[in-house]
Number of protein chains: 2
Amino acid sequence: MDKREQLVRAAFDLFYREGIHAVGINRVLAESGVAKKTLYHHFPAKDALIEATIEYRDRRFSDWLRHRMASVPAGREALLALFDALDDWFHGRATDIQAFHGCYFINVSAEFGDPAHPIHARCARHKASIRSLLAEHVNHCAESAEQASYLLDTLCLLKEGAIVRAHVEGDRRAAQQARQVVAGLLVD
Amino acid sequence: MDKREQLVRAAFDLFYREGIHAVGINRVLAESGVAKKTLYHHFPAKDALIEATIEYRDRRFSDWLRHRMASVPAGREALLALFDALDDWFHGRATDIQAFHGCYFINVSAEFGDPAHPIHARCARHKASIRSLLAEHVNHCAESAEQASYLLDTLCLLKEGAIVRAHVEGDRRAAQQARQVVAGLLVD
DNA sequence: ATCTGGGTAGACAAATTTGTCTACTTTAGG
DNA sequence: CCTAAAGTAGACAAATTTGTCTACCCAGAT
């Protein structure tokens, strides 16, 4: 078992559930069963560990979503599958990724509010990467570049909206609501 | 000048910009120019101060939005005015409320992730209150209870999505994008 | 006039934070 | 086999956290 990986997983679990500034290094150490020296051998400072958790989550979440969207025909169906995936996530039926506590990248961006901060910028990059995953599928079913752009923007708005509503307000129907809107936009 | 109010304002400014756990009591004291004893005279603990900042922001933000939506005819126009207001906010043209650093309630919910925590619950209540403000206007232009419910859900999704995209990704066009979608839904 | 409540400045306690360092052990490869 | 890297436990430093407390000031109501 790789100690670095152990650290990153434990740190992610704690940071995701309780927030980054609320969780001290010692909690991560205790949870992962790794020595402090080892942590500082792998990471120069807490910030580097935080970035590693973002990298970890980015990989995990993207793989999960890519997989879900690839299991149906590309285009319209894949875009609807996105919201089915979110629905499973909100209802605790997504075993590949952790139990739902909101979007890690939104949560981290809230704690590192300055857009110029590397950690915030890294979260923005994740969002851009998911956006480009959706873009591929939008291009499958849009009739013009203009419509594609409009569709992509709308999908991203609804996706973020669903995640936030599910977390802040605890309304787990949010994914289904968003799916319904998307279905209406994709009838053409 | 009311010391309690001074404290709440300074605390809100700092918490909103830098996050709650990242800002210590002493920072709030220094910024507000109030003595520590006075803080603990008005608030039993930091949590109570946090709740007071939420109360403060809830009042401020709701008043601002209500005012913006009341300056045009109720119904369709008011709902579009919501997104114009967001657009102004994102572009730093909303002087009544602070410069844009995301939604305070989403940010706080990220730091207090447990939905059962009173602070998280208070944020959810704010969202519910804004939702019911929108509901009044939706009822003005919906043709059925079913359509009204669908419209309201969609508006809320787009609103949260726009705020998150503007903050995390720094895409300040998000409000205009959302407005366009809403305009499409409200043509009837 | 005096007493009460809100205020100030800041020392202090106790816990916790990040990060360093020592001294020792384990493990894997040349 | 032996060296070098990675690991352990945990003491320690220095700063920072929340919250309490002392000692004093001042203004307004009784």
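Before reading further, recall that the structure is shown in the block above.
So, how was this worked out
Residues numbered from 1 in each chain as written. Chains lettered and ligands numbered in written order. Predicted model: local features only at pLDDT ≥ 70, side-chain atom pairs only at ≥ 80, totals over all residues. Heavy atoms only, no water. Salt bridge = Lys/Arg side-chain N within 4 Å of Asp/Glu carboxyl O. Buried < 20%, exposed > 50% of the residue type's maximum accessible area, 1.4 Å probe, protein only. Helix = DSSP H or I, 4+ residues; strand = E, 2+ residues; numbered from the N terminus. Contact = heavy atoms within 4.5 Å. Least-squares fit on C-alpha atoms with pLDDT ≥ 70 in both. Core = buried A, V, L, I, M, F, W, Y, C linked by side-chain atoms within 4.5 Å. Near = heavy atom within 4 Å. Polar contact = N/O pair within 3.5 Å; in protein donor to acceptor, adjacent residues only side chain to side chain.

### Quick look at the pattern of salt bridges
Residue and element names in this part refer to chain A. The final tally for this structure, using the stated rule, is 30 salt bridges over all chains. The salt bridge partner of Glu-18 is Arg-27, with a shortest N-O separation of 2.9 Å. According to the relative accessible area criterion, Glu-18 is partly exposed, its value standing at 32%. Here Arg-125 ties to Glu-55 by a salt bridge, and the two come within 3.9 Å at their closest N and O atoms. Here the residue Arg-125 occupies a position in helix H7 (residues 118-141), and Glu-55 occupies one in helix H4 (residues 46-70), the gap between them amounting to 70 residues. When its relative accessible area of 52% is taken as the criterion, Arg-125 is described as exposed. Assessed through its relative accessible area of 35%, Glu-55 is described here as partly exposed.

### Points about the environment of Val-182 of chain B
Residue and element names in this part refer to chain B. Structurally, the position occupied by Val-182 is in helix H9 (residues 174-185). Assessed through its relative accessible area of 1%, Val-182 is described here as buried. C-alpha of Val-182 to C-alpha of Thr-154: the two residues are 28 residues apart in sequence and 8.4 Å apart in space. Apart from residues lying up to four places away in sequence, Val-182 is in contact with Leu-80, Phe-83, Leu-155 and Leu-158.

### Considering the relation of the copies chain A and chain B
There are two copies of the chain, and a rotation about an axis plus a shift along that axis relates them. By a simple turn and slide, chain A fits onto chain B: the slide is 0.0 Å along the axis, the RMSD is 0.0 Å, and the turn is 180°. Between the two chains, the operation in question is that of a two-fold axis. In terms of proximity to the rotation axis, the leading residue of chain A is Gly-161 of chain A, whose C-alpha is 2.0 Å off the axis. Of the interface residues in chain A, 100% have counterparts in chain B that sit at the interface too, so the contact is made through matching surfaces.

### Quick notes on the nonpolar core
Core analysis: the biggest nonpolar cluster contains 136 residues, and Trp-89 and Phe-90 of chain A together with Trp-89 and Phe-90 of chain B have the highest contact counts within it. Ignoring any residue separated from it by four or fewer positions in sequence, one finds Trp-89 of chain B in contact with Tyr-16, Arg-57, Phe-61, Trp-64, Ala-94, Ile-97, Gln-98, Ala-99, Phe-100, Gly-102, Cys-103 and Ile-163 of chain B.

### A closer look at the environment of Ala-78 of chain B
Residue and element names in this part refer to chain B. Within the element layout of this structure, Ala-78 appears in helix H5 (residues 76-90). By relative accessible area, which is 0% here, Ala-78 ends up buried. Remark: the alpha-carbon pair of Ala-78 and Ile-97, spanning 19 residues in sequence, is separated by 19 Å. For Ala-78, the residues in contact, after removing those within four places along its chain, are Met-69, Val-72, Pro-73 and His-137.

### Section: the protein's contact with DNA strand C
Near DNA strand C you find 17 residues, and of these Ile-25, Lys-36 and Lys-46 of chain A together with Thr-38 and His-42 of chain B are the closest. The sugar and phosphate moieties of DNA strand C supply 56% of its atoms located within 4 Å of the protein. One of the side-chain N or O atoms of Lys-36 of chain A is found 2.6 Å from a base oxygen in DNA strand C. Within the side chain of His-41 of chain B, an N or O atom sits 3.3 Å from a phosphate oxygen of DNA strand C.

### Overview of the protein's contact with DNA strand D
Contacts to DNA strand D come from 17 residues, most closely from Thr-38 and His-42 of chain A together with Ile-25, Lys-36 and Lys-46 of chain B. Sugar and phosphate atoms form 58% of the subset of DNA strand D atoms that lie within 4 Å of the protein. Between DNA strand D and Ala-35 of chain A, the relevant distance is 3.1 Å, taken from a phosphate oxygen to a main-chain nitrogen or oxygen of the residue. Interatomic distance of 3.2 Å between a side-chain N/O atom of Tyr-40 of chain B and a phosphate oxygen of DNA strand D. Of all the secondary structure elements, the ones that give two or more residues to the surface near DNA strand D are helix H3 (36-42) of chain A together with helix H2 (25-32) and helix H3 (36-42) of chain B. Ranked by residue count, the leading element in the surface near DNA strand D is H3 of chain A, at 5 residues.

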